[in-house]
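Below are the chains, spelled out letter by letter.
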Amino acid sequence: MRIAFIGDVHANLSALEAVLKDASERKVDAIYCLGDIVGYGPDPDEVVKVISRYPCVAGNYDDAVGHEKSSCGCEYKPGRESEVGDISLNWTIENTKVETKHFLRGLPKRLSIEIEGVRILLVHASPLDELYEYVTPNTPSKRFEELAKSFEEDVVVSGHTHLPMAKYCFGKLFFNCGSVGRPKDGDNKSCYLLLNVERGVIDHQFVRVKYDVKSVCERIVKAGLPLELALVLALGESYDMGKGKVEFFVR
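Residues numbered from 1 in each chain as written. Predicted model: local features only at pLDDT ≥ 70, side-chain atom pairs only at ≥ 80, totals over all residues. Heavy atoms only, no water.

A. Seen up close, the sheet that holds strand E9 (residues 201-209). Pairing is mixed across the open sheet formed by four strands, whose spatial order is E2-E1-E8-E9. Among the strands making up the open sheet, the edge pair consists of strand E2 (30-33) and E9. Mean inter-strand twist for the sheet, computed between neighbouring axes without regard to direction, equals 25°. Where helix H1 (residues 13-25) meets the sheet, its contacts fall on strand E1 (2-6), E2, strand E8 (190-198) and E9, and the angle it forms with E8 comes to roughly 25°. (Pairing = 2+ DSSP bridges. Helix = DSSP H or I, 4+ residues; strand = E, 2+ residues; numbered from the N terminus. Axes fitted to C-alpha atoms, helices over the stretch in contact; angles between N-to-C directions. Contact = heavy atoms within 4.5 Å.)

If you want it as structure tokens, here you go:
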């Protein structure tokens with residue numbers, strides 16, 4: 001079976017549509033979402049409507065918006081980065097429908113599936129902290145050991161960091177699907193994870209998909225969201241918000 005794993009769409013409808021089109025052309029058998037459907041981008045209701053067709057786990061942003069929390073639990077630096085995060089969260093809460101929030105509140109924090117004899121755990125962040133823990137290749141070996149011992153499945157697929165990852169350690173496979181709507185690995189093209197599973201054998205590929213980044217940046221600015229959010233999309237990586245003034249000229 002060919003399975004697509006998408007995550008961190010972050011209310012970027014153009015990116016999501018491009019990824020789903022690509023997955024369809026590759027004739028995937030199923031699509032799963034790793035959460036953070038909303039936040040940062042200009043299309044929360046529209047993206048949730050599309051994602052509701054697929055199995056999905058809750059991300060920290062989905063949880064915060066669904067429950068109208070004052071914080072998304074992100075590791076923002078004090079100062080402008082924290083301010084931008086708060087503005088984004090508040091804007092998203094104010095610009096999502098009641099039914100959208102209801103859907104977000106109902107998302108499970110983890111899913112376990114089995115494909116061709118391979119058991120796969122789906123969480124947004126980590127098996128021990130489904131919403132908030134950042135797991136990267138630089139996570140200490142001791143922590144990977146703790147995580148590996150905490151779940152029975154053979155594979156875990158997560159999101160949250162916006163960084164694609166494939167790592168085998170302590171008898172388990174750890175994948176991060178990257179980000180559809182807000183990549184942070186230096187490539188502004190959308191990223192998703194494609195797994196081919198046949199009779200217990202796994203083959204993986206990180207797929208990059210072009211979309212109209214410029215038009216989404218313009219819509220972020222026109223929506224009144226912070227300019228830095230558009231810059232992150234344009235760069236495909238985090239922007240040091242302590243560097244100074246950011247200007248965008250939108251027609």
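So much for the structure itself; the text now carries on.
B. A look at a negative patch on the surface. A cluster of like negative charges, contributed by Asp29, Glu116, Glu198 and Asp203, occupies part of the molecular surface. The topology assignment puts Asp29 in the loop between H1 and E2. (Patch = residues over 30% accessible without salt bridge, like charges linked within 9 Å, V, L, I, M, F, W, Y side chains within 5 Å. Areas by Shrake-Rupley, 256 points an atom, 1.4 Å probe, with all protein chains shown as cover. Salt bridge = Lys/Arg side-chain N within 4 Å of Asp/Glu carboxyl O. Lys, Arg positive; Asp, Glu negative; His and termini not counted. Charge placed at Lys NZ, Arg CZ, Asp CG, Glu CD.)

C. Representation of the packing of helix H7 (residues 213-222) against helix H8 (residues 227-235). At their nearest, the axes of H7 and H8 sit 8 Å apart, and the two run at 170° to each other. Here H7 lies roughly antiparallel to H8, going by the angle between them. Within the contact between the two elements, H7 uses Val213, Val216, Cys217, Ile220 and Val221 and H8 uses Leu227, Leu229, Ala230, Leu233 and Ala234. Its residues assigned to classes, the contact of H7 with H8 shows ten nonpolar, no polar and no charged. (Parallel < 35°, antiparallel > 145°, perpendicular 65-115°, else oblique. Nonpolar A, V, L, I, M, F, W, Y, C, P; charged D, E, K, R; others polar.)

D. Focus on the environment of Ser82. Topologically, Ser82 is positioned in helix H4 (residues 80-94). The contacts of Ser82, once residues within four sequence positions are left out, are Tyr76 and Lys77.

E. Looking closely at the pairing of E2. What you see with E2 is no split at all: Ala30 and Tyr32 on one side and Ile31 and Cys33 on the other are buried throughout. Bridging between E1 and E2 involves four bridges; their strand directions are parallel. When the sheet's bridge partners are listed, Ile6 is paired in E2 with Cys33. Following the chain from E1 across H1 to the adjacent parallel E2, one finds a crossover that is right-handed. (Buried < 20%, exposed > 50% of the residue type's maximum accessible area, 1.4 Å probe, protein only. Right-handed = clockwise from strand over helix to strand, strands pointing away.)

F. A look at the nonpolar core. Formed by 49 residues in total, the largest nonpolar core has its most connected members in Ile6, Leu16, Ile37, Ile51 and Tyr192. The element that contributes the greatest number of residues to this core is H1, accounting for seven residues. In this view, Ile37 contacts Val9, His10, Ala11, Val47, Val48, Ile51, Cys56, Asp62, Phe103, Leu104 and Leu107; residues no more than four positions away in its chain are not counted. Formed by 18 residues, the second largest nonpolar core is a distinct cluster that contains Ala30, Leu34, Val57 and Phe175. (Core = buried A, V, L, I, M, F, W, Y, C linked by side-chain atoms within 4.5 Å.)

G. Region of interest: the side chain of Asp36. In this structure, Asp36 sits in the loop between E2 and helix H2 (44-51). Setting aside residues up to four positions removed in sequence, Asp36 forms contacts with Asp8, Val9, His10, Gly59, Asn60, Tyr61, Asp62 and His124.

H. The environment of Pro137, seen in detail. Structurally, Pro137 can be placed in the loop between strand E4 (118-123) and helix H6 (141-149). Sequence separation of Pro137 and Met1 is 136 residues, and the distance between their C-alpha atoms is 27 Å. In contact with Pro137, not counting residues within four places along its chain, are Phe144, Met165 and Lys167.

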